[in-house]
Each structure stands twice: as structure tokens, then as C-alpha cells.
Amino acid sequence: MIRFSFILALFVSSLIGFSQEVLTDAQKSSESSIKFLPTLNLGTLVNFQDIYIDFGAGAFETKTKLGAQLNFAFRPYYKKVQIYEEANVIRQWKEKKYCLNLDVYKKLLEFHIARTNTHFLLGVKTGYLFGDYRGTRQRPAAGFTINPYAGISLNLNGIHLALAYQYFNDHLASVPDSRFLISFTILLNE
Amino acid sequence: MKIHPLIYILIAFSFLFTGCFSNDDECDPSRFCESTPIDSNWVNIDLTEQSTGVPIVLYNDNLEDNNVILRDTLYTSSISYYLPMEVVYTAEAYYRSGPNTIIAVDSRRLDQETFQNCGQTCYENNEITLDLVLID
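A. Region of the structure containing the pattern of salt bridges. Per the stated rule, a full pass over the model turns up 15 salt bridges over all chains. Linking Arg179(A) and Asp50(A) is a salt bridge whose minimum nitrogen-to-oxygen distance equals 3.2 Å. Here Arg179(A), found in strand β9 (residues 178-187), pairs with Asp50(A), found in the loop between β1 (36-46) and β2 (51-61); they are 129 residues apart in sequence, far enough to count as distant. Assessed through its relative accessible area of 3%, Asp50(A) is described here as buried. For Asp106(B), the salt bridge goes to Arg134(A), with nearest N and O atoms at 3.2 Å. Taken together, the residues Asp106(B) in strand β6 (residues 100-110) and Arg134(A) in the loop between β6 (116-133) and β7 (143-156) connect one chain to another. One continuous salt-bridge network, built from bridges that share partners, spans Asp50(A), Arg75(A), Glu95(A), Lys97(A) and Arg179(A).

B. Representation of the nonpolar core. Residues and elements named next belong to chain B. Within the largest apolar cluster, 24 residues are counted, with the highest numbers of intra-cluster contacts made by Ile45, Leu58, Tyr89 and Tyr95. For this core, the secondary structure elements donating two or more residues are β1 (40-47), β2 (54-60), β3 (67-74), β4 (78-84), β5 (87-97), β6 and β9 (128-132). The element that contributes the greatest number of residues to this core is β5, accounting for five residues. With near-sequence residues (within four places) excluded, Tyr95 lies in contact with Leu47, Thr48, Gln50, Val54, Asn100, Thr101, Ile102, Ala104, Leu132, Val133 and Leu134.

C. Geometry of the state of the cysteines. Residue and element names in this part refer to chain B. As enumerated under the stated definition, the model contains two disulfides over all chains in all. Residue pairing for Cys27: its cysteine sulfur links by disulfide to Cys118, the two sulfurs lying 2.0 Å apart. The chirality of the disulfide connecting Cys27 with Cys118 is right-handed, given an S-S dihedral of about 95°. With a gap of 91 residues between them, Cys27 in the loop between α1 (5-17) and β1 and Cys118 in the loop between β7 (113-117) and β8 (120-124) connect regions that are remote in the sequence. Residue class for Cys118 comes out partly exposed when judged on its relative accessible area of 38%. At a sulfur-sulfur separation of 2.1 Å, the disulfide partner of Cys33 is Cys122. As the torsion about the S-S bond is roughly -105°, the Cys33-Cys122 disulfide counts as left-handed. Here the residue Cys33 occupies a position in the loop between α1 and β1, and Cys122 occupies one in strand β8, the gap between them amounting to 89 residues. Along chain B, the cysteines that take part in disulfide bonds pair up as 1-3, 2-4, counted in sequence order.

D. Quick look at the pairing of β7(A). Residues and elements named next belong to chain A. Summarising the sheet, β6 and β7 pair through 12 bridges and their orientation is antiparallel. From the neighbouring strand, Gly123 faces β7, where its bridge partner is Tyr149. Strand direction decides the pairing type here: β7 and strand β8 (residues 159-167), joined by eight bridges, are antiparallel. Along β8, the bridge assignment pairs Asn155 with His160. Hairpin remark: β7 followed by β8, antiparallel, with two residues in the connecting loop; positive phi at Asn157, about 50°.

E. Geometry of the environment of Phe130(A). Residue and element names in this part refer to chain A. The residue Phe130 is located in strand β6 in this model. Between the alpha carbons of Phe130 and Pro140 there is a distance of 6.8 Å; along the sequence they are 10 residues apart. Setting aside its immediate chain neighbours within four residues, Phe130 contacts Phe72, Lys96, Lys97, Tyr98, Leu100 and Ala142.

F. Highlighting the side chain of Glu61(A). All names here are of chain A. Position of Glu61 relative to the elements: it lies in strand β2. Lys63 provides the closest opposite charge to the buried, unpaired Glu61, separated from it by 7.3 Å. If sequence neighbours within four positions are ignored, Glu61 has contacts with Ile34, Lys35, Phe36 and Leu66.

About the thresholds
- Residues numbered from 1 in each chain as written.
- Chains lettered and ligands numbered in written order.
- Predicted model: local features only at pLDDT ≥ 70, side-chain atom pairs only at ≥ 80, totals over all residues.
- Heavy atoms only, no water.
- Salt bridge = Lys/Arg side-chain N within 4 Å of Asp/Glu carboxyl O.
- Helix = DSSP H or I, 4+ residues; strand = E, 2+ residues; numbered from the N terminus.
- Buried < 20%, exposed > 50% of the residue type's maximum accessible area, 1.4 Å probe, protein only.
- Core = buried A, V, L, I, M, F, W, Y, C linked by side-chain atoms within 4.5 Å.
- Contact = heavy atoms within 4.5 Å.
- Disulfide = S-S within 2.5 Å.
- Pairing = 2+ DSSP bridges.
- Lys, Arg positive; Asp, Glu negative; His and termini not counted.

This is the structure:
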């Protein structure tokens, strides 16, 4: 444990810079041009019936404020679901679901909430939804899904917090399609 | 010196993942150690009680393998069976609900888990519970 912590501390300390960045004229002029920043994000899609954890990485373009990320969302537990197997026969399975998706979003109209830089946020997560059940080789119906969302994005000292409403149809009649999206995104080299 | 927020997140994750690394040097002589492997353990089944009884079927492995271990009709909300370890158990419960039959399914592997203490391999007594309780 101590060895692992020591190696981790060395790794973390290697990432910390010890000098101020000095910009050249060429670098200053390039600041007004298109600039892509790599992003990392971690979030959740939640309503009163269900929860997904969502994480991924991508890039954000600072001039147009357009971003794209490859994300993986998953339900971190087995949820009981009831599916009609045939007339008058319902199966109650324990189901896990996953969604590999491309998240494309745009930030609009900067404003301030309590001195925090805030934007309106519009986006869509398009991906492939799949899953499994416990105790069987049968699987839930898989397929492509398009999940638009809208909300706001707050810049909290370099960590961008997105709060949005998302439409997410995961093919379960017992779970509403409306979800609340909470996501933290870090823009690297911001 | 400005520290990038990523550093804070890396540190936070390091605390989460330190639990994933076992420490073979640990030694607590007062800790109970079962040094012989356990060959069987309890498989508990929880279900929703119905006055007419709930038929259950217990299988080895998946339903499709159709390796039936036992069939029973239960008038209580739980029951336990003492069964061999290192096997996947799958249970079905058949409920009547008006004109419909609801078949609840759950499955778990009855695993033998071990840990090291003072250089000795200790076997843990982990039961499993198959949850066939109906959704409210």
C-alpha cells in the first residue's frame, strides 16, 4: 500500500508545472484562431427509477464552443425489470445496461450565475444501447439510440459542470424517458 | 503555482482504487481464520409471499442449460438450501397475478473467497441471496 501511494505521489508530482508559461508573439496571435482542447468527463443520468454512470473523453473547440466526446454509460447495478414474454406471461429479469455513445454539444450565450461563467448547453448523445440479464443467455433488445439534452454549463474554476434535462429511451416501460444529466468535464490545457 | 484540477481528480481516484490492492504483509493474529476450504454454503431465496404458494425451480448454471436441482412450492417469504460451492445457481419463482403469470429470475455464483492473514490462506463464509421478490 505504501509503495503504491509513493509511486502514485511521484506520478502526480510529475504532472505539476513549476514555472509560468511565457507566450511568444506567434503563440499570442494563434490564440485567436481555432483551438481544440482535450476533455475528460464523468457524470450521471438519473431519474427516480434509474441511474447510469457516464464517462468519456473527447475534444472541445474554444472558438465555436463545440465539443464532442466518446462516452460509455452503464447502469452500475442489476435492476429488476418486467418484460412481456408472450400473452399472459411476464418475465421479471435482473438487467444491466450499457450505452456506447458519441456526445456532441454546443455552448451558447455566456452569462453569469453568482459570478460564475455560465452557458446554455445543447447536445445529443447518439449511441448503441445493449445489456444482459442474470441467469440466462437472453439479452435485452439492443439498438441505436438518440438522446438529446438541454441545460446549462457552469465553469467552476476549470471544471465545467453541466446540468441538463435529457431524453433517454432505454426501452423500459417502467422507467420514464426523462432524466437529469449531471456531468463534470475538464478541459485539459485550458 | 497553479495546480490543474485533473491533479485533484487523480488524487481522489487514487483513494478509491487503493482498496483494490491487497496487502499480503498484513497480519492480525486475533482475526479468525478458517484455514480449510468450505465445500458447501447457504443459498438463500427471497420471494413475495402468496397465500396459494409460490412454485420455485432452482437450476445449476443458466436457465437454458436446464439442470434442475430442485422444485418446491413455498408458503413463506424466504428459504435457504445448503448447496455445493463454486457453482452458478439460478432460481425461478412463478407468481399468479390476475390472468398473468409473472416468472421472476435471479442468479448468482456461490464463490469461495479467500484472504491472507499472517501468511495463511483464510476461507470466507459468504452466503448468497437470490432475490425473486416482485417489483412493487
